[in-house]
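In case you want the letters, here they are:
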Amino acid sequence: MVSILSWNLDGLDDEELEARTEAVIGIVLQGNYDVVFFQELVPSTFIKYCEGLSEKYKVISGFAGCVYFIATLLRKAPSIRYLDHYIHPFPNTTMGRNLLVTKVSIVNLKLALLNTHLESMLPSSEERKTQLKTCFQIALNFPPDFNVFFGGDMNLRDWEATADSENMRISGFKMGVG
């Protein structure tokens, strides 16, 4: 079994940021998750997360020049082996968004870990749907010996993720499959 935590850290909100950062570090360490997906990291808290978690986690940054970014953390354990990672930029993003793709093996099971923070707000709906479609296409193009985990902050509105929406038809996924 693989344990995964995904968390939008709300790093752009300064209120109690230091206290929230310390609390998240404690929760992650206590949970001993195999994989952690963070969204909305900011440079000041990223340093604190690295200091607090890097002894037990390999930290892979999705930083691409924006004031906030994503990261994927892998628990340091003999059964978890980092293979590779890359950042897939979303070419039309107005918010610096991307997809962080990390390849690992856990007990000889190959995993592709896809972490993202899609475009926010109602006016960005079309771009968000394009980004989601790109994520689905990347997930579906992995070789069959990879199991794909896709997570993050989708910012999806209900009507963007219904069973009959274009993205769900394109993905080939059935609603309710997590």
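On a predicted model such as this, the values are computed, not experimentally measured, just so you know. (Residues numbered from 1 in each chain as written. Predicted model: local features only at pLDDT ≥ 70, side-chain atom pairs only at ≥ 80, totals over all residues. Heavy atoms only, no water.)

1. Regarding the pattern of salt bridges
Here is step 1 of the chain: Following the criterion strictly, the structure yields three salt bridges and no others.
Here is step 2 of the chain: With a closest N to O distance of 2.6 Å, aspartate 34 and arginine 75 form a salt bridge. Taken together, the residues span a long stretch of sequence, with aspartate 34 in the loop between helix H1 (17-31) and strand S2 (35-41) and arginine 75 in strand S4 (residues 69-75) at a distance of 41 residues.
Here is step 3 of the chain: The buried category is assigned to arginine 75, whose relative accessible area is 18%.
Here is step 4 of the chain: Lysine 129 is the partner of glutamate 126 in a salt bridge, and the nearest nitrogen-oxygen pair spans 3.0 Å. Of this pair, glutamate 126 and lysine 129 are both found in helix H3 (residues 125-140), three residues apart, which corresponds to roughly one turn of the helix.
Here is step 5 of the chain: Overall, lysine 129 belongs to the partly exposed group, its relative accessible area being 22%. (Salt bridge = Lys/Arg side-chain N within 4 Å of Asp/Glu carboxyl O. Helix = DSSP H or I, 4+ residues; strand = E, 2+ residues; numbered from the N terminus. Buried < 20%, exposed > 50% of the residue type's maximum accessible area, 1.4 Å probe, protein only.)

2. Notes on the sheet that holds S2
Here is step 1 of the chain: Ordered by their spatial adjacency, four strands build an open sheet running S1-S2-S4-S3, and the pairing between neighbours is mixed. A single partner strand is all that each edge strand has here, and the edge strands are strand S1 (4-8) and strand S3 (57-61). Between one strand and the next, the sheet's axes are offset by a mean angle of 15 degrees, whatever the strand orientation.
Here is step 2 of the chain: Bridge count for S2 against S4 is five bridges, and the pairing is antiparallel. Bridge assignment links phenylalanine 38 to a residue of S4, and that residue is alanine 71.
Here is step 3 of the chain: Sheet strands in contact with helix H2 (residues 43-53) are S2, S3 and S4, and its direction is about 160 degrees off that of S2. (Pairing = 2+ DSSP bridges. Axes fitted to C-alpha atoms, helices over the stretch in contact; angles between N-to-C directions. Contact = heavy atoms within 4.5 Å.)

3. Here we look at a negative patch on the surface
Here is step 1 of the chain: Together, Asp10, Asp13, Asp14, Glu15 and Glu16 make up a region of like negative charge exposed at the surface.
Here is step 2 of the chain: Here aspartate 10 is to be found in the loop between S1 and H1. (Patch = residues over 30% accessible without salt bridge, like charges linked within 9 Å, V, L, I, M, F, W, Y side chains within 5 Å. Areas by Shrake-Rupley, 256 points an atom, 1.4 Å probe, with all protein chains shown as cover. Lys, Arg positive; Asp, Glu negative; His and termini not counted. Charge placed at Lys NZ, Arg CZ, Asp CG, Glu CD.)

4. Focus: the packing of aromatic side chains
Here is step 1 of the chain: By the definition in use, this model includes five aromatic pairs.
Here is step 2 of the chain: When the ring of phenylalanine 38 is compared with that of tyrosine 49, the centres are 5.0 Å apart and the planes differ by 45 degrees; the resulting orientation is tilted. With phenylalanine 38 in strand S2 and tyrosine 49 in helix H2, this residue pair connects regions lying eleven residues apart in the sequence. The pair phenylalanine 38 / tyrosine 49 is uniform in exposure class, with both members buried.
Here is step 3 of the chain: Note on phenylalanine 46 and phenylalanine 69: the rings are 5.2 Å apart at their centroids and 70 degrees apart in plane angle, and the pair reads as edge-to-face. Of the two residues, phenylalanine 46 sits in helix H2 while phenylalanine 69 sits in strand S4, which places them 23 residues apart along the sequence.
Here is step 4 of the chain: For phenylalanine 46, a relative accessible area of 18% gives the class buried.
Here is step 5 of the chain: Taking the relative accessible area as the measure of exposure, phenylalanine 69 reaches 6% and is therefore buried.
Here is step 6 of the chain: The ring of tyrosine 82 is capped by lysine 58, whose NZ or CZ atom sits 4.5 Å from the centre of that ring. (Phe/Tyr/Trp six-rings, centres within 6.5 Å; stacked < 30°, edge-to-face > 60°. Lys NZ or Arg CZ within 6 Å of the ring centre and 35° of its normal.)

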